[in-house]
Amino acid sequence: MIDPNESFGDMITHALHIVPVALVLVLPVVAVGTALLYWVRRGSLTTTMTVLVLVPVVAMLTGVLGVSGFMFNVTLTTMALVCLLVLLVTVPVALVLGRAIARRSVWEREARERERVAEASRRELVAWISHDLRTPLAGIRAMAEALADGVVSSPSEVAGYASRIGGESRRLSGMVDDLFELSRITAGALRLTMSQVALREVVGDVLAAQVPVAQRKRVRILANATTAPVVLGSDPELARVVRNLVSNAIRHTPPDGTVAVRVDVDGDDAVLAVDDGCGGIPDGELSRVFDVAFRGSAARTPSQSGDEQVGGGLGLAIAKGLVEAHKGRINAHNHGPGCRFEVRLPLASGPRMPA
């Protein structure tokens, strides 16, 4: 032991004699601690923090005990007590900090993953929309140049070109509207004016507007509503959900097929089910039908007829965002000759039987 009354030179001499002994005692503890850290490197951050706290304290206590030759005097006992108190304080702190840092790390990792997915989705959306906008724009430009150059001159041809230009313009307008609506949803800028809405009436109004579209394609629409559920929601947004689902069903149902729309009540939920005759969705695509700009392998090229309002693959993504804004759920699964899109919305009141 070093005597406090010794000269500085004697203290240095004693210290040089103590250092090798201390190293021999401390290095094995440090080696074991390093091995433990390597072993728990894939474990929880809390465990790693605890080992990091224990290793230096145990190493210091081992060195002090070894150098003193385990001769417990007042000084050594006091040192051991201090080390014990340090362990009692630092280990709980390490546990708390480890859990806090672990939660933050998980949150940051999930945030980075969400940002990565969002960025990939944005790139995909830009690629899809760029392609889809070029198609009608190219058609409009070609037909406008043909009209300007006098390539078509008969009234019937001019009327046909004008009709197709109008159809392509409506398609472009629909894409812009979808992009605006989707940007409001994803940016959290959607503001709903909530009121009690009769879901059956919303569905009826939408179907009345969609019947001419279905008739042009020779698709039959069947509606079934045995109850009249009332939900708390925004009438225009709910109408858009129904319109997107029904128009999507009509678009993917072949001629002479059937689109069935059902309104019902299941427990505390109002249920809207839209069945189409698309032939089913591949299992690998079912989980992606609500992704932005995803339209499935069989529908990646917009119709050139100009009659169908083919968008940029945003309709189902918008429907999902609007349903979730109403605290509801939406899902899709194969059913019968096609697939079923089912929306569940919380009831604002009990179901009303039709008059």
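Right, let's walk through the structure included here. Within any chain, residue numbers begin from 1 and follow the written order of that chain's sequence. Predicted model: local features are reported for residues with pLDDT of at least 70 only, side-chain atom pairs are reported and counted for 80 or more only, and whole-chain, interface and lining totals are derived from all residues. Hydrogens and waters are ignored; side-chain quantities use all the structure's heavy atoms.

Considering the environment of V343
Logical step 1: Put simply, DSSP marks the helices as runs of H or I at least four residues long and the strands as runs of E at least two long, and each gets a number from the N terminus on. Looking at the element boundaries, V343 is found in strand β7 (residues 338-346).
Logical step 2: Exposure is judged per residue with a 1.4 Å probe applied to protein chains only, and the accessible area is read against the type maximum: over 50% gives exposed, under 20% gives buried, and values in between give partly exposed. Under the relative-accessibility criterion, V343 is labelled buried at 2%.
Logical step 3: Only heavy atoms matter for contacts: two residues are in contact if any of them lie within 4.5 Å across the pair. For V343, the residues in contact, after removing those within four places along its chain, are V241, L245, A270, V271, L272, V323, R329 and I330.

Points about the sheet that holds strand β4 (residues 258-266)
Logical step 1: Read across the open sheet, the five strands follow the order β2-β4-β5-β7-β6; overall the sheet is mixed. Since the sheet does not close on itself, it has two edges, and those belong to β2 (220-225) and β6 (329-335), each with one partner. Taking the axes of each pair of neighbouring strands and ignoring which way they run, one obtains an average angle of 15° across the sheet.
Logical step 2: Bridging between β4 and strand β5 (residues 269-275) involves seven bridges; their strand directions are antiparallel. Think of it this way: DSSP has to see at least two bridges between two strands before they count as a pair. An axis is simply a line fitted to the C-alpha atoms; with a helix, the fit covers only the stretch in contact. Between two such axes, the angle follows the N-to-C directions and lies from 0 to 180 degrees.

Some thoughts on the pattern of salt bridges
Logical step 1: In what follows, salt bridge is the name for a side-chain nitrogen of Lys or Arg lying within 4 Å of a carboxyl oxygen of Asp or Glu. Counted according to the given criterion, the structure contains ten salt bridges.
Logical step 2: Between E113 and R116 there is a salt bridge whose closest N-O contact spans 2.6 Å. Taken together, the residues span about one helical turn, with E113 and R116 both in helix α3 (residues 74-148) at a distance of three residues.
Logical step 3: The residue R344 makes a salt bridge to D269 at a minimum N-O spacing of 3.9 Å. A residue pair is termed long-range when its members are at least 10 positions apart, and R344 in strand β7 and D269 in strand β5 qualify at 75 residues.
Logical step 4: One salt-bridge network, held together by shared partners, links D266, D269, R329, E342 and R344.

So, the packing of aromatic side chains
Logical step 1: Ring pairs are drawn from Phe, Tyr and Trp, using the six-membered ring of Trp, whenever the two centres fall within 6.5 Å, and their geometry is named by plane angle: stacked under 30 degrees, edge-to-face over 60, tilted for the rest. Scanning all chains against the criterion turns up one aromatic pair.
Logical step 2: The interplanar angle of 90° and the centroid separation of 5.9 Å between the aromatic rings of F290 and F341 together place this pair among those described as edge-to-face. One end of the pair, F290, is in the loop between α7 (283-286) and α8 (315-325); the other, F341, is in strand β7, with 51 residues separating them in the sequence.
Logical step 3: On the basis of relative accessible area, F290 is assigned to the buried category, the value being 14%.
Logical step 4: F341 gets classed as buried once you look at its relative accessible area, which sits at 4%.
Logical step 5: Two conditions define a charge sitting above a ring: the NZ of Lys or the CZ of Arg must be within 6 Å of the ring centre, and it must be within 35 degrees of the ring normal. Taking the ring centre of Y161 as reference, the NZ or CZ of R164 above it sits at 4.9 Å.

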